[in-house]
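Structural overview for review
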Amino acid sequence: MNDSTKTSRQMISAVPQSGIHENAEVSGERRDDDVLITLFQSGDERAFRILVERYQERIRNLIYSILNRSDVVDDLAQEIFIRVYQALPKFRFESSFYTWLYRIAVNKVRDEMRRKKAKKFLSLQKLMDDADTELTMKMAVQPEDHAMDEVIGKALDSLPEKFRLPVVLKDVDGLSYEEIAEVLECEVGTVKSRLSRARAQLRKILKPMLE
Amino acid sequence: MMNTMSQKKLSNALSLYLDDALEDREKSELETYLASHSEAKQELEELRAIRNHLLLKPRLKRNDWFWTSLSHRLERTAEEQKNVFPFRRKFLPLAVPLSVTFAVMIGVGIFLQRDSLFKFYSEKKQQVQNVYESGVIQGKILPLFTNLSKDQVLQFALFGTLPLDAHEQTALRIDESKNSGYRIEIAKNKKGSASAVTASEFYSALNMTPSQHQVVDSILGSAKEKIQSSVLVGENNSLAIHTELVNFNKVMMSNIAATLQPGQRVRFKKYLEARGAPFTFVANVAPPVAPQKIYSAINNVPMSNKYLVLTPDTICFSEIAFNMDSVRRNLEQALSSLSAIRARTNAIVQQFGERDFSPPSGGGRFNIQSGTDYFAVELQKNLGDFPQMPMYYKIVPRTSLVNGPDSTFSINLKQDSVMMRLFRNGIPLPPNALRSQQTDKIGTSNNQKRHSIDLDSVIQEMAKPKTGERRYRNPYEL
């Protein structure tokens, strides 16, 4: 393995909530998920709380990464878990719980993006609201950095949905190509292609900052 | 080894290289390429920097209240999604088209049968309209008792009877049963059923003073006005009787008793008993009530507009509001045909008396009884809407004037029953709507002793001088 790859792997390991990795801990987590789901399906509602607490921060950060907004994160995350709660009795263990959960989350975020897009066209009021939203974000969002994070966030925000989602799932959440394909319900080749194009676009946008 | 690579191919390769997703051979070739192409290597570094920024992108602070909020929302959602349908929610997609189909079928059925349905509806509407139009008091309203004498009003106060014709052969009678309720009867006078009284004879019998005459005259005069507006005749052979009439004679008797001295009250009771009056009162030794109080009581009693309306087709309670001045004007115009009005009333009595009533279903608030020469309406005691008329003495039934057959055919009617009206118009009722019953009439011999009082003992008790106390003497008593 070359140095660059080593660095990226180390970085992934350094981010405690940043992804699902093929290691013993993650495999154990998956097994735990299955046990919890089985318990939930047999009527033990406490198992659902454990699942929520296990994944709530990943889902919250996924939403935040995709939308680059903190004001809607908790609301959307709750709606996602409500949908999970309603659908979990029918979960058939044909995929891992977290890819299934991510798929629900991504679909929900997509709905929100489309709704937001429609609203953008319809509402002139947004022009006036933007200033307030920006201020709210600055007050509510806790990123410790700053200018570069803000710029990267805006750059991601500028990407089309089909490019933004693979980048977030891969580079922020650390999912594999196969997992992303499963979440986005597309081919692995499509994921690779979109990821490549997304990164190229990001580079183009962020080039002035990188020099 | 490639010398040049398209930008698209390079971007793909660099992206895969970053993710460590190239085969060893591809990776080796790319690294060789990068060694000889500084722009490509620069691009790789920039991509790596971006990815590193994304990997290290700051996270949101943990929300420790997330589960609390979520559990509340889950509860609310569960409440909202409770099934309101009479079937399982999963059948909702099936139920909606079925309901729509059913509604469309009904709509089509109504559309196809619209002519016959419209005809049926119009006929029924017309029938009901006819019944309503013919079922209420119509035309000029006239008071039945137009020119009552003082003696006749006193007769009503003491015996509850009002003559309907000049020869006093037909009378309206008010009676009360302790248990069953009130009774209004229009019937031929039974010979000897009630003694005729005159005011002068009454005053004399009770040794009334001139001032007592004046008070009693006022009571009778006020009662005359009220009786005049209490029994009305319409042009369509209808009769409207104020429901409070059943109570009004007792109020008069109470006020007369309140005017009297204790000894006069005892005479009054004996007078009633001797003449077979249907009511009596509970005497006491209290002094007379001040005339002003009695005037106030008789003049300020509010009366409702509730009447029992009887026509050949309809019997119902109805609110009738009328201008008494207008009625009096009608009366002046109709005075010449007063006998015709009374003849009409007699016709009503005859119509009701001869009608073969069949009983509709359901219990009601009044019953109707009829015979060959009378008909009577019994009102349940729980009518409950009499104004609170002040009564200084409790007036109770003593005997009854009514001596009809031991049992009669009875009709139970619901108040203002449309079914009753339709029935009268010949529209058949469902078979199970008919029910007959036998009821004991008010005033049978069983009731004769129900409120008797030992008057002699009362008189003796009052006449007995008590120790340390002057015997009370009525200054007006002879």
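Described below are features of the structure shown in this document. Treat the numbers as computed from the prediction; the structure is a model and nothing was measured. (Residues numbered from 1 in each chain as written. Chains lettered and ligands numbered in written order. Predicted model: local features only at pLDDT ≥ 70, side-chain atom pairs only at ≥ 80, totals over all residues. Heavy atoms only, no water.)

**Structural notes on the packing of aromatic side chains**
Summed over all chains, the structure comprises 14 aromatic pairs over all chains. Look at A:Phe40 and A:Tyr85: their rings are 5.4 Å apart centre to centre, the planes differ by 65°, and that puts the pair in the edge-to-face class. Pair noted here: A:Phe40 is in helix α2 (residues 24-41) and A:Tyr85 is in helix α4 (residues 73-87), with a separation of 45 residues, a long-range link. In this structure A:Phe40 comes out as buried when scored by relative accessible area, which is 7%. The ring of B:Phe111 has B:Arg114 lying over it, and the distance from NZ or CZ to the ring centre is 4.2 Å. Against the face of B:Tyr271 rests B:Arg275, its NZ or CZ located 3.7 Å from the ring centre. (Phe/Tyr/Trp six-rings, centres within 6.5 Å; stacked < 30°, edge-to-face > 60°. Helix = DSSP H or I, 4+ residues; strand = E, 2+ residues; numbered from the N terminus. Buried < 20%, exposed > 50% of the residue type's maximum accessible area, 1.4 Å probe, protein only. Lys NZ or Arg CZ within 6 Å of the ring centre and 35° of its normal.)

**Quick notes on helix α10 (residues 245-259) of chain B**
The terminal C-alpha atoms of α10(B) lie 22 Å apart, and with 15 residues this matches the ideal 21 Å at 1.5 Å per residue to within 8%. Summarising burial for α10(B): 15 of the 15 residues are buried, a large majority. (Expected span 1.5 Å × (residues − 1).)

**Re a nonpolar patch on the surface**
Residues and elements named next belong to chain B. On the surface, a nonpolar cluster with roughly 560 Å² of combined accessible area is contributed by Val96, Val100, Val104, Val108, Phe111 and Leu112. Relative to the helices and strands, leucine 112 is located in helix α5 (residues 92-112). A relative accessible area of 61% places leucine 112 in the exposed class. (Patch = residues over 30% accessible without salt bridge, like charges linked within 9 Å, V, L, I, M, F, W, Y side chains within 5 Å. Areas by Shrake-Rupley, 256 points an atom, 1.4 Å probe, with all protein chains shown as cover. Salt bridge = Lys/Arg side-chain N within 4 Å of Asp/Glu carboxyl O.)

**Observations concerning the interface of chain B and chain A**
Often, the extent of an interface is quoted as the loss of accessible area upon association of its parts. Listed by partner, the interface residues are 38 residues for chain B and 54 residues for chain A. Note on chain B versus chain A: buried area summed over both sides is about 4,600 Å², and carbon and sulfur give 61% of it. The largest contributions to the chain B side of the interface with chain A come from B:Arg59, B:Leu60 and B:Phe66, which together make up 17% of the buried area. Where chain B touches chain A, the interface holds 6 salt bridges. Salt-bridge contacts for A:Asp75 lead to B:Arg73; the nearest nitrogen and oxygen are separated by 2.6 Å. Taken together, the links from chain B to chain A amount to 15 residue pairs in polar contact (both at pLDDT 80 or more). For the side of chain B that touches chain A, the leading source of residues is helix α3 (residues 38-55) of chain B, giving 11 residues. (Contact = heavy atoms within 4.5 Å. Buried area = accessible area lost by both parts, 1.4 Å probe. Polar contact = N/O pair within 3.5 Å; in protein donor to acceptor, adjacent residues only side chain to side chain.)

**Re the sheet that holds strand β1 (residues 142-143) of chain B**
All names here are of chain B. Sheet architecture is open: 5 strands sit in the order β1-β5-β6-β8-β9, paired in antiparallel fashion. Two strands lie at the open edges of the sheet, namely β1 and β9 (315-319), each paired on one side alone. Two elements, strand β8 (residues 306-310) and β9, share 5 bridges in a ladder whose sense is antiparallel. In the sheet register, leucine 308 faces β9, and the bridge partner there is phenylalanine 317. (Pairing = 2+ DSSP bridges.)

**Some words on the pattern of salt bridges**
In this structure the tally under the stated criterion is 28 salt bridges over all chains. Where B:Arg25 meets B:Glu29, a salt bridge forms, and the shortest distance between an N and an O atom there is 3.0 Å. Of the two residues, B:Arg25 and B:Glu29 are both situated in helix α2 (residues 24-36); the distance of 4 residues between them amounts to about one turn of the helix. The partly exposed category is assigned to B:Glu29, whose relative accessible area is 30%. Note that B:Lys150 and B:Asp217 form a salt bridge whose closest N and O atoms lie 3.1 Å from each other. With B:Lys150 in helix α7 (residues 150-159) and B:Asp217 in helix α9 (residues 210-228), this residue pair connects regions lying 67 residues apart in the sequence. Residue B:Lys150 is classed as partly exposed on the basis of its relative accessible area, which comes to 39%. Connected through shared salt-bridge partners, A:Arg69, A:Asp71, A:Glu112 and A:Arg115 make up one network.

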